[in-house]
Amino acid sequence: MAFLLLVSGHLRADFSEAVVAKAKEATVMVVIFDGNGQMNGLGSGFVVNKRGDVITNHHVVESADSVECWYLAGTTLSRRNASVVHTRSSADLAVIRMENMSGVTPLAVASSKLKSAQRVMSVGHPGTLIETSAKTGQSSIEENADSVLSKDEASLYDPATFTGDVGKLMPLESEGGGSYAGIAHGAKISQGNSGGPLIDEQGRVVGINVAVSTLLAGATDYSYAIEASELRDFCSDVGVSLKLDGRSLNAESGEFNWNFWIILLMTLAVMGVAFFWFYSQRQKAKFAGYSAGGAHPSPGQAPPGVAAPPMAEAPRPAPPQPVSSRMILRGRDLQGNSFELGFSSDDFSRAGGTLVLGRSGKRNHLVLSHDSVSRQHLSFREKGGDLFAEDLSSANGTTINGERLGNTPGGMLLRPGDRIRVGEVDFVYEQA
């Protein structure tokens with residue numbers, strides 16, 4: 001029995017020091033002030049991009065006259081002014097933007113769905129532990145600046161972490177009306193944790209802590225969080241960039257996309273092999289007219305003593321071909337899953353000349369069911385026999401042959417063979 005307990009204890013040693021340190025670094029204290037500049041509330045939040053965007057709960061900031069974000073690095077407390085830029089009361093989510101953020105690595109958001117009994121960790125500033133922390137040494141904390149604190153003072157602003165398991169996934173009712181995808185889990189939270197991240201063992205955000213429920217006397221308390229899928233949809237709709245599983249490339253993060261370069265190198269290798277094969281076949285055809293006994297006329301060459309026929313006029317280059325009646329996108333995602341989308345000129349006619357691609361069937365003509373794809377990700381437009389693509393301010397962007405596609409009017413011209421990356425799905429454009 002002792003051996004089993006030892007093994008069990010070893011298996012539950014789940015979150016590495018690096019994961020914990022990174023999660024705490026990106027978690028901020030959201031401090032709320034009234035119109036007189038008096039502090040009247042605390043919550044938590046976490047940084048999602050290098051612009052300084054912080055995710056928290058809508059109920060944390062809804063009554064705020066002004067907001068600040070405080071975060072700790074070692075014993076240095078950074079106090080930054082912030083503003084509320086986006087809210088969605090129906091999902092209890094908000095985006096606040098810090099001024100002059102520095103030294104914080106944004107957290108990645110998971111694109112996969114949680115499973116029951118999966119290990120998770122809550123990170124934040126629970127009010128039961130920091131009830132006096134905002135007042136302690138407040139006079140020595142310079143506004144919108146960095147303050148070096150004593151070790152004891154700094155500990156008051158160090159985010160708390162608690163681990164637990166996912167109990168179940170369930171819809172939760174929102175104070176703003178409606179419901180959202182929720183998580184019941186066993187990682188402890190209390191007032192002040194609202195808006196803080198729920199982290200998996202890989203250090204990815206899988207939920208946003210929102211509430212704690214006290215059940216009947218003698219029953220176990222459960223914590224609740226908003227599923228990351230709600231966050232992905234919210235940020236996609238309002239144009240806030242996220243890192244999905246740490247693999248996405250966006251203009252703010254500047255991360256290097258190894259997947260693109262691997263695909264490019266493989267494509268160049270295949271093209272090189274194809275060129276060598278084609279060249280060798282041409283050489284064989286060139287010398288096919290020669291035998292061991294002597295040379296024979298090559299096709300089109302006149303025999304000795306016979307005048308050669310006049311050379312035929314070189315063919316003129318064919319004019320550009322319009323979009324064919326059938327267009328196809330074939331591709332795979334990072335996990336090797338295959339996708340194929342087909343559409344035709346008739347589809348453009350029925351849709352008024354523009355087809356919209358998105359994650360679900362709502363408001364979209366083309367559906368690409370993948371977590372990295374925004375609700376409305378990009379559009380295709382047929383004009384003058386040509387096909388153009390335009391990104392619709394998607395969260396994870398669109399690239400064509402490695403070039404990021406903007407949302408400028410008119411879009412970018414597509415040609416057969418072009419490689420299109422939609423979120424984390426790589427397509428090749430074909431005409432049939």
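Residues numbered from 1 in each chain as written. Predicted model: local features only at pLDDT ≥ 70, side-chain atom pairs only at ≥ 80, totals over all residues. Heavy atoms only, no water.

Q: Just checking my understanding: could you explain the overall build of the protein chain for this structure?
A: Each helix and strand counted, the protein chain has 7 helices and 26 strands in total. The buried share among the 432 residues of the protein chain stands at 43%. Excluding contacts between residues fewer than 6 apart, the proportion of contacts in the protein chain whose partners are at least 24 apart in sequence is 59%. In the structure as shown, the protein chain presents an accessible area of about 22700 Å², 55% of it carried by carbon and sulfur atoms. (Helix = DSSP H or I, 4+ residues; strand = E, 2+ residues; numbered from the N terminus. Buried < 20%, exposed > 50% of the residue type's maximum accessible area, 1.4 Å probe, protein only. Contact = heavy atoms within 4.5 Å. Areas by Shrake-Rupley, 256 points an atom, 1.4 Å probe, with all protein chains shown as cover.)

Q: Honestly, the nonpolar core in this entry has me stumped. Any pointers?
A: Most often, soluble globular proteins have nonpolar side chains that are buried together. By size, the foremost hydrophobic cluster in this structure holds 47 residues, and its most contacted members are Ile55 and Met98. Broken down by element, this core gets its largest block of residues, 5 residues, from strand β6 (residues 93–98). With near-sequence residues (within four places) excluded, Met98 lies in contact with Val28, Val47, Arg51, Gly52, Val54, Cys69, Tyr71, Arg80, Asn81 and Ala82. Phe380, Ile420, Val425 and Tyr429 belong to the second largest nonpolar core, which has 23 residues in total. (Core = buried A, V, L, I, M, F, W, Y, C linked by side-chain atoms within 4.5 Å.)

Q: Just checking my understanding: could you explain the sheet that holds strand β24 (residues 412–414) for this structure?
A: Hydrogen bonds between backbone atoms are what pair the strands of a sheet, whose relative direction is either parallel or antiparallel. Taking strand neighbours across the sheet as the criterion, the 5 strands line up as β19-β18-β20-β21-β24 in an open arrangement whose pairing is mixed. Each edge of the sheet is formed by a strand with only one pairing partner; in this case those strands are β19 (366–367) and β24. (Pairing = 2+ DSSP bridges.)

Q: Could you clarify how one ought to interpret the pattern of salt bridges in this entry?
A: Working definition: two side chains of opposite charge can pair if their charged atoms are close together. All chains considered together, the criterion is met by 18 salt bridges. The closest approach of N and O atoms between Arg51 and Asp53, which form a salt bridge, is 3.9 Å. The class for Arg51 is partly exposed, based on a relative accessible area of 37%. Assessed through its relative accessible area of 0%, Asp53 is described here as buried. Residue Arg79 pairs with Glu68 through a salt bridge whose shortest N-O separation is 2.5 Å. Here Glu68 lies in strand β4 (residues 66–73) and Arg79 lies in strand β5 (residues 76–88), a separation of 11 residues in the sequence. Residues Arg79 and Glu68 agree in their burial class; the two are buried. One salt-bridge network, in which partners are shared between bridges, spans Arg88, Asp233, Asp237, Arg359 and Arg375. (Salt bridge = Lys/Arg side-chain N within 4 Å of Asp/Glu carboxyl O.)

Q: Any chance you could explain helix α2 (residues 17–25) here in plain terms?
A: A turn of α-helix holds 3.6 residues, and therefore any two residues three or four places apart point the same way. The complete set of buried residues in α2 reads Val19, Val20 and Ala23. For α2, the arc enclosing every buried residue in end-on projection is 95 degrees, short of the 170-degree limit, so these residues lie on one face. Away from its buried face, by an angle of more than 90 degrees, α2 presents the exposed residues Glu17 and Ala18. Looking at the packing, one finds that the buried side of α2 touches β1 (27–33), β7 (119–124), β9 (160–173) and β11 (197–199). (Arc of directions from axis to C-beta.)

Q: Explain the sheet that holds strand β26 (residues 425–431) to me, please; I cannot follow it from the model alone.
A: Reading across from one edge, β17-β16-β26-β25-β22-β23 is the order of the 6 strands in this open sheet, with antiparallel pairing throughout. In the strand order of this sheet, the two ends are held by β17 (338–344) and β23 (403–404), each with one partner. In the sheet, strand β16 (residues 326–333) pairs with β17 via 7 bridges, with the strands oriented antiparallel. Opposite Leu329, over in β17, you have Leu341 as the bridge partner.

Q: I'm lost on helix α5 (residues 228–238) in this one. Help?
A: Counting buried positions along α5 yields 8 of 11 residues, so the element is predominantly enclosed. The set of residues buried in α5 consists of Ala228, Glu230, Leu231, Arg232, Asp233, Phe234, Cys235 and Ser236. At the C-terminal side of α5, Gly239 shows a positive phi close to 80 degrees.

Q: Mind showing me how you'd approach the pairing of strand β20 (residues 378–383) here?
A: Regular strands have side chains that alternate between both faces of the sheet. Pairing geometry for strand β18 (residues 354–358) and β20, over 4 bridges, is antiparallel. Pairing of Thr354 across the sheet is with Arg381, part of β20. Pairing geometry for β20 and strand β21 (residues 386–391), over 6 bridges, is antiparallel. The residue of β21 that forms the bridge with Leu378 is Asp391. Taking the residues that link successive antiparallel strands as the turn, the β20-β21 hairpin has 2 residues, and the phi of Gly384 there is positive, at about 60 degrees.

Q: When you look at the side chain of Asp200 in this model, what are you seeing that I'm missing?
A: Looking at the secondary structure, you find Asp200 in the loop between β11 and β12 (205–213). On the basis of relative accessible area, Asp200 is assigned to the buried category, the value being 0%.

Q: Help me understand the side chain of Glu227, please; the structure alone is not making it clear to me.
A: Its location among the elements puts Glu227 in strand β13 (residues 222–227). Looking at Glu227, the relative accessible area reads 8%, which means it is buried. Beyond its immediate chain neighbours, meaning those up to four positions away, Glu227 contacts Lys113, Leu169, Ala181, Gly182, Ile183, Val206 and Ile208.

Q: Explanation requested: the packing of aromatic side chains in the structure shown.
A: Aromatic rings considered in pairs are described by the distance between their centres and by the relative angle of their planes. The full count for this structure, using the stated rule, is 3 aromatic pairs. Note on Trp70 and Tyr157: the rings are 6.0 Å apart at their centroids and 55 degrees apart in plane angle, and the pair reads as tilted. Linking Trp70 in strand β4 with Tyr157 in the loop between α4 (151–155) and β9, this pair joins segments that are 87 residues apart in sequence. Residue Trp70 is classed as buried on the basis of its relative accessible area, which comes to 1%. Among the residues examined, Tyr157 registers a relative accessible area of 2% and is labelled buried. Ring centres 5.8 Å apart and planes at 75 degrees place the aromatic pair Phe343 and Phe348 in the edge-to-face group. Given a relative accessible area of 0%, Phe343 falls into the buried group. By relative accessible area, which is 1% here, Phe348 ends up buried. Here a set of aromatic residues connected by ring pairs shows up, and it is made of Phe343, Phe348 and Phe380. The ring of Phe388 carries the charged tip of Arg381 above its face, separated from the ring centre by 5.3 Å. (Phe/Tyr/Trp six-rings, centres within 6.5 Å; stacked < 30°, edge-to-face > 60°. Lys NZ or Arg CZ within 6 Å of the ring centre and 35° of its normal.)

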